[in-house]
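# Observations on the model geometry
So you can see what is in the structure, the chains are spelled out below.
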Amino acid sequence: MRKILTLLLCCFILTQSFGQTQRKASTYLLTQYNKTLNDYTIGNNPWGVGLGLQTFLNNKTKFKPTIELTGDIYLEDDKVFRSNPDGTFPENGNDVRGMVNLFVGSSFHPNQSIYLSLVAGPSFISGQTLVGIKPSFGFYFSKNQRWTGKVSYINIFNRTKIINEDFGSLSLAIGVKLF
């Protein structure tokens, strides 16, 4: 009887340990602060705040596909109406009031505490659809990876149609794991 109970207990423990699998995706809710580094209307949009979702598709390698959706609003404005670089005046203004990014790419996780990512995709600024890129350095505050922090550079290519000038910002984000 004792052997049977011991055998059943061992089977139950082994079944539980082999039955626990890693989730297929890890999703984080991020809040972020963006500091504008370069733009020809930098006085009209010097900084912004926003929310985002970042999802890592878990696999057995150190490279993980990732998708990121962020939305930012730029609250501060020096109220100066700036002309276009060619001297003409824009119809709707030329500042950045808000930005939505839908980026897809890959992340490299060399260990359990840090990661590097490179994502790219469409960026929606002031009614325009542009292309952007976002390299990032991320880290986890604990081994269970519940909280994450991230420093990123966001570059949106050719924001103005008159000259090919990019919009660039430094982004600092902190996030909590949803699932």
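The following paragraphs examine the structure supplied in this document. For clarity, every value in this text was computed on a predicted model and none was experimentally measured.

Cut-offs used in this document
- Residues numbered from 1 in each chain as written.
- Predicted model: local features only at pLDDT ≥ 70, side-chain atom pairs only at ≥ 80, totals over all residues.
- Heavy atoms only, no water.
- Helix = DSSP H or I, 4+ residues; strand = E, 2+ residues; numbered from the N terminus.
- Buried < 20%, exposed > 50% of the residue type's maximum accessible area, 1.4 Å probe, protein only.
- Contact = heavy atoms within 4.5 Å.
- Patch = residues over 30% accessible without salt bridge, like charges linked within 9 Å, V, L, I, M, F, W, Y side chains within 5 Å.
- Areas by Shrake-Rupley, 256 points an atom, 1.4 Å probe, with all protein chains shown as cover.
- Salt bridge = Lys/Arg side-chain N within 4 Å of Asp/Glu carboxyl O.
- Pairing = 2+ DSSP bridges.
- Axes fitted to C-alpha atoms, helices over the stretch in contact; angles between N-to-C directions.
- Phe/Tyr/Trp six-rings, centres within 6.5 Å; stacked < 30°, edge-to-face > 60°.

## Some remarks on the environment of alanine 120
Note that alanine 120 resides in strand 5 (residues 114–125). What makes alanine 120 partly exposed here is its relative accessible area of 36%. C-alpha of alanine 120 to C-alpha of lysine 134: the two residues are 14 residues apart in sequence and 6.1 Å apart in space. In contact with alanine 120, other than residues within four places in its own chain, are Leu102, Phe103, Val104, Gly132 and Ile133.

## Observations regarding a nonpolar patch on the surface
Side chains of Leu29, Leu51, Leu53, Ile67, Leu69, Val100, Leu102, Val104, Phe124, Leu178 and Phe179 sit close together on the surface and give an oily, nonpolar patch of about 920 Å² of accessible area. Elements supplying a minimum of two residues to the nonpolar patch: strand 2 (47–57), strand 3 (63–73) and strand 4 (98–108). Counting residues per element, the nonpolar patch draws most heavily on strand 4, at three residues.

## Some points on the sheet that holds strand 2
Within the closed barrel, the eight strands sit side by side as 1-2-3-4-5-6-7-8. Their pairing is antiparallel. Here the strands of the sheet are splayed against their neighbours by 25° on average, with no regard to which way each runs. Pairing analysis gives twelve bridges linking strand 5 to strand 6 (residues 128–140), with the strands arranged antiparallel. Paired with tyrosine 115 across the bridge in strand 6 is glycine 138.

## A few points about the packing of aromatic side chains
In total, this model carries nine aromatic pairs according to the counting rule given. Both rings, one in tyrosine 28 and one in tyrosine 140, keep their centres 6.1 Å apart while their planes meet at 40°; by these two values the pair is tilted. You can see tyrosine 28 sitting in strand 1 (residues 25–38) and its partner tyrosine 140 sitting in strand 6, a full 112 residues away along the chain. When sorted by exposure, tyrosine 28 lands in the same class as tyrosine 140, which is buried. An aromatic cluster is defined as three or more aromatic residues linked by ring pairs; in this entry it consists of Tyr28, Phe56, Tyr115 and Tyr140.

## Some points on unusual backbone geometry
Residue glutamine 145 is not a glycine yet carries a positive backbone phi of 60°. For glutamine 145, the position within the fold is in the loop between strand 6 and strand 7 (147–156). Positive phi, close to 50°, is recorded for asparagine 158, a residue that is not glycine. Here asparagine 158 shows up in the loop between strand 7 and strand 8 (167–177).

## Structural notes on the pairing of strand 4
For strand 3 and strand 4, the ladder comprises eleven bridges, and the chain directions are antiparallel. Directly across from proline 65, in strand 4, lies its bridge partner serine 106. By the bridge criterion, eight bridges tie strand 4 to strand 5 in an arrangement that is antiparallel. Note on strand 5: the bridge partner recorded for phenylalanine 108 is leucine 116. Linkage of strand 4 to strand 5, two consecutive antiparallel strands, is achieved through a turn of five residues.

## Details of the pairing of strand 8
When strand 1 meets strand 8, the two strands line up antiparallel, connected through ten bridges. In the sheet register, leucine 29 faces strand 8, and the bridge partner there is valine 176.

## Side note on the pattern of salt bridges
The tally for this structure, following the rule as stated, stands at three salt bridges. Residues joined in a network through salt bridges with shared partners are Glu68, Lys134 and Lys150.

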